[in-house]
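Geometric and topological summary
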Amino acid sequence: MPRVLYSGTFDPVTKGHLDITFRASALFDEVVIGVFDTPAKTLLFSTEERVDMFREVVQDMPNVTVGLYRGLTVDYAAEIGAAGVIRGVRSLTDVDYEAAMVMMNRKLQPGIDTIFLYTSLEYQFVSSTLIKEVARYGGDITDLVPQNVATALRSRFKDGT
């Protein structure tokens, strides 16, 4: 089985992301988590913080590595020798959104496929955006993110902002 790339901003990493990571690691010899360094959106955590948080939660998974990248995801996948790019999806709306990206990636790097993994049922409603909003207003996110992420979110929002 080949190496695959699972990419995203992971701001922050959620248990939905971990669900996809665990399942991908059982299917492929190597999973490279690519934390995107320069997304066109406002981030709560720096790239280094996002990489460190993800590394901490996958440290016991010998076939998973975490790093950062810049530029096009599909170019990074080619650079690291990945046979495919994992995309976690929660609904048909996610698949529809991803469809154009799949075709563009195939045009740019014809040898790299996209593999969709549906998030497990208990995480289908989880998104980093919702997690941050709930945490910002003091809601309980402990069942939705790893402990290190819950701690980081509480620290970031300790003054209620």
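Structure: above.
Residues numbered from 1 in each chain as written. Predicted model: local features only at pLDDT ≥ 70, side-chain atom pairs only at ≥ 80, totals over all residues. Heavy atoms only, no water.

Interhelical geometry of helix H1 (residues 15–27) versus helix H2 (residues 47–58) gives an angle of 55 degrees and a closest axis separation of 12 Å. It follows from the interaxial angle that H1 and H2 lie oblique. Seen from above, H1 lies across H2 with right-handed handedness. Packed against H1, whose contacting residues are His17, Leu18 and Thr21, the element H2 presents Phe54, Val57 and Val58 at the interface. (Axes fitted to C-alpha atoms, helices over the stretch in contact; angles between N-to-C directions. Helix = DSSP H or I, 4+ residues; strand = E, 2+ residues; numbered from the N terminus. Parallel < 35°, antiparallel > 145°, perpendicular 65-115°, else oblique. Left-handed = near helix turned anticlockwise from the far one by under 90°. Contact = heavy atoms within 4.5 Å.)

Spatially, the five strands line up as an open sheet ordered S3-S2-S1-S4-S5, and their pairing is parallel. The sheet is open, and its two borders are formed by strand S3 (64–69) and strand S5 (113–118), each paired with just one other strand. Averaged over all pairs of adjacent strands, the angle between their axes in this sheet comes to 30 degrees, without regard to strand direction. Both strand S4 (residues 84–89) and S5 contribute to a ladder of six bridges, which runs parallel. In the strand pairing of S5, Gly84 is matched with Asp113. The strands that H2 touches are strand S2 (30–36) and S3; relative to S3, the one it contacts most, it runs at about 175 degrees. Strands S4 and S5 of the sheet are contacted by helix H4 (residues 92–108), whose axis makes an angle of about 165 degrees with S5. (Pairing = 2+ DSSP bridges.)

If you walk through the whole model with that rule in mind, you get seven salt bridges. The closest approach of N and O atoms between Arg3 and Glu30, which form a salt bridge, is 2.8 Å. In this pair, Arg3 is assigned in strand S1 (residues 3–8) and Glu30 in strand S2, connecting sequence segments 27 residues apart. Under the relative-accessibility criterion, Glu30 is labelled partly exposed at 24%. Two residues, Asp19 and Arg23, come together in a salt bridge whose shortest N-O distance is 2.9 Å. (Salt bridge = Lys/Arg side-chain N within 4 Å of Asp/Glu carboxyl O. Buried < 20%, exposed > 50% of the residue type's maximum accessible area, 1.4 Å probe, protein only.)

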